[in-house]
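Letter by letter, the chains look like this.
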Amino acid sequence: MGLDRRGFVKIVMGGVAGTLFTPVIWQSLDDVSIWSQNWGWIPRLNKGEVKAKSALSKLCPAGCAVKVKTVGGLPFAAIGNTANPMSKGGVCPICTGGAQLMYSPARVKSPMKKVGEGKYEAIKWEEAEAMLVEKLTPLKGQDGKIAAISGDETGTANEVLSAMLAGLGSTGFYVMPGEMFTATKGVKLMGGNGQPGFDIEGSDLVLMIGADALDSWGTTVANQKAFAATRPTGGAATAQYIYAGPVLNNTASVCDKWVAVPPTAMATFALALANQLIAAGAVSSAADFGDYKALVAKYTPEAFEAATGLKADVLKDLVAKIKAAKAPLIVAGASFGQGAGALDFVAAASLNVLLGRVGQKGGMTLLGAAPKAIASAADRENAKDAGSFLASVATGKATPGALLIYEANPAFALPQAAEMAKAMGNIGFKVSFSTYMDETAALADLILPAPHPYERFDDAMNPYGVSKPTYLAGKPVVSKPVADCKDPVDVLLAAAAKLGLSLGFDTYADVIKAKATALGGDFDALAAGGIWNGEAKGGALTLGAGALAKAVPVKTDEKAVALAPVTRLAYGTASLATPPANLVTLRDTELVGKDLFVQMNGATAKKLGVAKGNKVKLTSGSGEIKARVHVSEGVAANTVAVLLGFGRSAWDEFTKGKGENVYKILTVSDEAGTGLKVWAGSTVTVAKV
Amino acid sequence: MKAKEFNIKWGMVIDLDKCTGCGACMTACQVENNIAPMVDASNKLRTLSWMLVYELSNKKAAPDAEIAYLPRPCMQCGNPTCVPVCPVIATDKNEEGGIVSQIYPRCIGCRYCMAACPYHARYFNWEDPIFPKGMEKTLSPNTSVRPRGVVEKCNFCHTRLMKAKDKARQEGGNPEALADGAYMPACAEVCPTGAISFGDIKNPEHKVHELAKGENAYRLLEKLGLAPQVYYVSKREWVRKLGDNYAATGKAGAEKKHS
């Protein structure tokens, strides 16, 4: 019996049908697809019990009260702490990716000493600590020979640093620029004392003049929570939010109104508003009201129009809204959190005095000096700025032999950054206490790795913006740091002891516990995610007329445009480059490849003769940067906006070499009347390349 | 076409008037779902952003310009266009509260689903997940790491749903009637302004039930009839209009009024 054609076809068809009915082929295909994705280099998940531990995450300037989720003891995520009133369950974008930052490729893994230009050698802690003592010993007792720069606004570490310097005979304790520094000086000009606070939560009309309060200013998360509480989804808003500033930023995006004020006209805007409020009947009992009234008379609606390019109707509308509000609040600040003068602060804050809002619910408050853990520490309100110090070093007026840099990155994040980095070269011995290999660590002679926030004790006293005295503290989440690091304060206390100076404590943990006790708080409750609050003061502030009278209006070159640096918390801070987990939030209108974008509105672009996508050069008195043009209508007239925080020369592959450092082109000038260094009104020329 | 309906409908209501565009939701999503950081995250053709915050503009010149931010997770459509096009049934809309699943080991990477999704909510892994040395120790235990060659997307942090159900069972509760807030995706959990509300849209005890019916609530591209389970709320008319490019004329193919 032969196999005919029909029989052959039947066998083949039967075979095919039979194959389809057996599960073998499908199971094999399924297995193949699983096996082909099951490679050894695909990371496996960690197993173990999932827990959530309270921590103080000081990755953002204000510090977030978080719950760190761990699996088998390893942190993997951070969420807000619902029990903490500063968080109420919210967390900022930086602290959200906090666990990943423990393993940042930029992390300093062990102590290192400089052995050549850009070359470092890992050393043991014993050697590093001995080197620190050895270098400080000959400088002991000579004022100005040992200096320290702190980039931490709120930690009690500042008390240790300043007390240590005082004990060694030096007064060279400096802080990095920030709102707290400027505002505290501003309050003094208004006859007051202490750090100003703003009760956003209690206000029904919040006018933010410059302050990017819902993204990068003050206690961002607490501000966002206060804002959100007045905006129930699907319900009626119970407070109005207005933003006046050069850029339609994250804060302005959710405000009821954005008033597009160029950065060079912030004080003019505030004083023109004061003029119109007085015209509408506002009267203050402040002693200098007469002088103030005479002063603001110059800031007419016409002057406002000339300075801002806006119509004066904007002011009328604002006056009507403020008069209709029960608890209006003016939040004063620089649009990028630094560089404004004390007089800019006074101009905006004086509106609170004019409206009788100081010490009131939903108004401006004053926070007195907090009890110190170390009596000989410097008072916060007498802080000196790091920029002026390094400028003196550059000119040879200051000649420190050693510089201790604590959690700060002055080589990158001071205005005229290139000059600041150069000035640091004049200092013989520089020690950087840093968690990450930042631009300053890269210039240091000795790098002492600091722990990540989940690996250390730390605290936050009165983060800037809080309306009443506030204290947070935290303890380590993990039992062992992932790098060979030591707490900088522990290192400093040990060094002080070897130099014959006792500050009364052996560890930072002890200092923080003493601070908590001095305040009347309980450290254990604080470390468990709690908070300590005191009572805010009112205080009889003046309108600051005497100081404001010395203010000189900003003169701009016809060819120049105002420069508005933009901060977005998600992209990092003055002491932290964009974290790896946040990179995805960058827009392709902000950075593409290595090109940073400069944003300007259509009218400004036309005036400058540039168009979308053009490569341009921004030049100021202190340097130049290159960028590409993005035309955005969210920028005020005659202003260009560029993101701060890019153009890193250290850090890691995720950030190094991307974009340009805008700090380089911020030009410092002396504020008339106060002598403070200011750079918020920097201008640049823009030219196609 | 009738949308698939189940007893439970997990959904989001996102209040665009509260979203500041801070990016915490995107970062929390990256962390929860073990998405490896990319060296060049500005290459948006390669990034994996299950949750993506778009910037919307009213297109008016300064100083009258307004912007709004729109967080876009997967819409978990009632009529998902991605499901019928999948040749290997690697994606399905099932009774897990109507969440559109994505089964990575089954995905063959053909990307039909990406072409079909009008919301661009699906992403293809062009590269293997490479974490900086040591960072794999921070992997979340909730989501397996996907290899190169598969498509992935938001699944409302589905593992959290399973864990919430397990917890309910352990505590003697009903896993099919979770309390409001018992199950919460990572983005909704961290949002500092509470712009993202989440719950069972069919359950009157969950606040999203009412919010989704609000007068200013809408869904993206409703005319396509995909019945998304993600709702948006905005009092700003120009924002709502951007939810559908055809809304201005009511005709598909009409001139694009917004971008």
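As shown above, the structure is provided for reference.
About the cut-offs
Residues numbered from 1 in each chain as written. Chains lettered and ligands numbered in written order. Predicted model: local features only at pLDDT ≥ 70, side-chain atom pairs only at ≥ 80, totals over all residues. Helix = DSSP H or I, 4+ residues; strand = E, 2+ residues; numbered from the N terminus. Rg over C-alpha atoms; globule rule 2.2 N^0.38 Å. Buried ≥ 20, exposed ≤ 12 C-beta atoms within 10 Å, placed from the backbone. Contact = placed C-beta atoms within 7 Å. Nonpolar A, V, L, I, M, F, W, Y, C, P; charged D, E, K, R; others polar. Pairing = 2+ DSSP bridges. Axes fitted to C-alpha atoms, helices over the stretch in contact; angles between N-to-C directions. Parallel < 35°, antiparallel > 145°, perpendicular 65-115°, else oblique. Left-handed = near helix turned anticlockwise from the far one by under 90°. Core = buried A, V, L, I, M, F, W, Y, C linked by C-beta atoms within 7 Å. Domains from an automatic or database assignment. Expected span 1.5 Å × (residues − 1). Bend = angle between axes of the 7 residues up to and from the residue.

A. Broad picture of the overall build of chain B. Broken down by element type, chain B carries seven helices and eight strands. At 18 Å, chain B has a C-alpha radius of gyration in line with the 18 Å of a compact globule built from 259 residues. Buried residues in chain B amount to 49% of all 259 residues. Residue pairs at least 24 apart in sequence account for 62% of intrachain contacts in chain B once pairs closer than 6 positions are excluded.

B. How the structure looks around the overall build of chain A. Scanning chain A from N- to C-terminus turns up 22 helices and 29 strands. A compact globule built from 689 residues would reach a C-alpha radius of gyration of about 26 Å, and chain A, at 28 Å, matches this within 12%. Taking the principal axes of its C-alpha atoms as reference, chain A extends roughly 125 × 65 × 50 Å. Looking at the 689 residues of chain A, the share that counts as buried comes to 62%. Counting contacts in chain A only where the partners sit at least 6 residues apart, residues at least 24 apart contribute 75% of the total.

C. Local environment of the interface of chain B and chain A. Across the boundary between the two partners, chain B contributes 62 residues, which contact 70 residues of chain A. Contributing elements (two or more residues each) for the side of chain B that touches chain A: strand E1 (10-15), helix H1 (24-32), strand E3 (67-72) and helix H5 (186-190) of chain B. With seven residues, H1(B) is the largest single contributor of residues to the side of chain B that touches chain A. Of the residues in the side of chain B that touches chain A, the class split is 33 nonpolar, 16 polar and 13 charged.

D. Layout of the sheet that holds strand E17 (residues 446-449) of chain A. All names here are of chain A. With mixed pairing, eight strands are arranged side by side in an open sheet as E5-E4-E17-E16-E15-E6-E7-E14. Of all the strands in the sheet, just strand E5 (119-122) and strand E14 (384-385) have a single pairing partner and so form its edges. When strand E6 (residues 146-150) meets strand E15 (residues 402-406), the two strands line up parallel, connected through five bridges. What sits directly across from alanine 148, in E15, is leucine 404.

E. Representation of the packing of helix H10 (residues 266-279) of chain A against helix H12 (residues 301-308) of chain A. Residues and elements named next belong to chain A. It is the contact of H10 with H12, at a shortest axis distance of 9 Å, that shows an interaxial angle of 160°. In this view, H10 runs roughly antiparallel relative to H12, as classed from their interaxial angle. The element H10 and its partner H12 pack so that their crossing is left-handed. Residues Thr268, Phe269 and Ala272 of H10 form the contact with H12, whose participating residues are Pro301, Ala303, Phe304, Ala307 and Thr308. Here the contact of H10 with H12 is composed, by residue class, of six nonpolar, two polar and no charged.

F. Looking closely at the nonpolar core. All names here are of chain A. Within the largest apolar cluster, 326 residues are counted, with the highest numbers of intra-cluster contacts made by Val160, Ile209, Ala270, Val331 and Val640. Of all the elements, helix H14 (residues 342-354) adds the most residues to this core, at ten residues. Taken domain by domain, the makeup of this core includes at least three residues from each of domain 2 (50-101) and domain 3 (552-688). Contacts of alanine 270, omitting those with residues within four sequence positions, involve Ile209, Ala347, Ala348 and Leu351.

G. Here's a closer look at H14(A). Residue and element names in this part refer to chain A. Helix length check: H14, at 13 residues, gives a terminal C-alpha distance of 18 Å against a target of 18 Å (1.5 Å per residue), a fit within 8%. Along H14, the sharpest change in direction is near 30° and occurs at alanine 348. Looking one or two residues beyond H14, the residue adopting positive phi is glycine 356, at roughly 70°.

H. Focus on the sheet that holds strand E8 (residues 230-233) of chain B. All names here are of chain B. The strand order E6-E1-E8-E7 describes an open sheet built from four strands, whose pairing is mixed. Taken across any chain shown, the strands that pair with only one partner, and hence form the sheet edges, are strand E6 (196-200) and strand E7 (217-218). Here five bridges tie E1 to E6, and the two strands are oriented antiparallel to one another. Residue pairing across strands places tryptophan 10 opposite aspartate 200, the latter belonging to E6.

I. Region of the structure containing the pairing of strand E1 (residues 50-57) of chain A. All names here are of chain A. Note that E1 and strand E2 (residues 64-71) share eight bridges and pair antiparallel. Bridge assignment links lysine 53 to a residue of E2, and that residue is valine 68. Joining the antiparallel neighbours E1 and E2 is a turn of six residues, in which glycine 63 adopts a positive phi near 85°.

J. Spotlight on unusual backbone geometry. Of note, the amide linkage connecting B:Ala62 to B:Pro63 takes the cis form, showing an omega dihedral of 5°. Even without glycine at this site, A:Asn462 takes up a positive phi of about 45°. Inspection of the secondary structure puts A:Asn462 in the loop between strand E18 (458-461) and strand E19 (470-474). Backbone geometry places B:His120, a non-glycine residue, at a positive phi of 50°. Within the fold, B:His120 resides in the loop between helix H3 (112-116) and strand E4 (122-124). The exposure class assigned to B:His120 is exposed, which follows from the 11 C-beta atoms found within 10 Å.

K. Main features of the pairing of strand E24 (residues 615-620) of chain A. Residues and elements named next belong to chain A. The two faces of E24 differ: Val616, Leu618 and Ser620 on one face are buried, but Lys615, Lys617 and Thr619 on the other face are not. Here E24 hands over to strand E25 (residues 623-631) after two residues, the two strands then running antiparallel side by side. Of the strand pairs in this sheet, E24 and strand E29 (residues 683-688) are connected by four bridges, and their pairing is antiparallel. Bridged to threonine 619 within E29 is threonine 685.

L. The arrangement of the environment of A:Leu548 in detail. Residue and element names in this part refer to chain A. Here leucine 548 lies in helix H21 (residues 545-548). Along the primary structure leucine 548 and leucine 343 are separated by 205 residues, whereas in three dimensions their C-alpha atoms are 6.2 Å apart. Beyond its immediate stretch of four places on either side in the chain, leucine 548 contacts Leu295, Leu343, Val346 and Ala347.

M. Broad picture of the environment of B:Arg111. Considering the arrangement of structural elements, one finds B:Arg111 in the loop between helix H2 (82-85) and H3. Taking C-alpha positions, B:Arg111 is 39 Å from B:Ala61, a pair spaced 50 residues apart along the chain.

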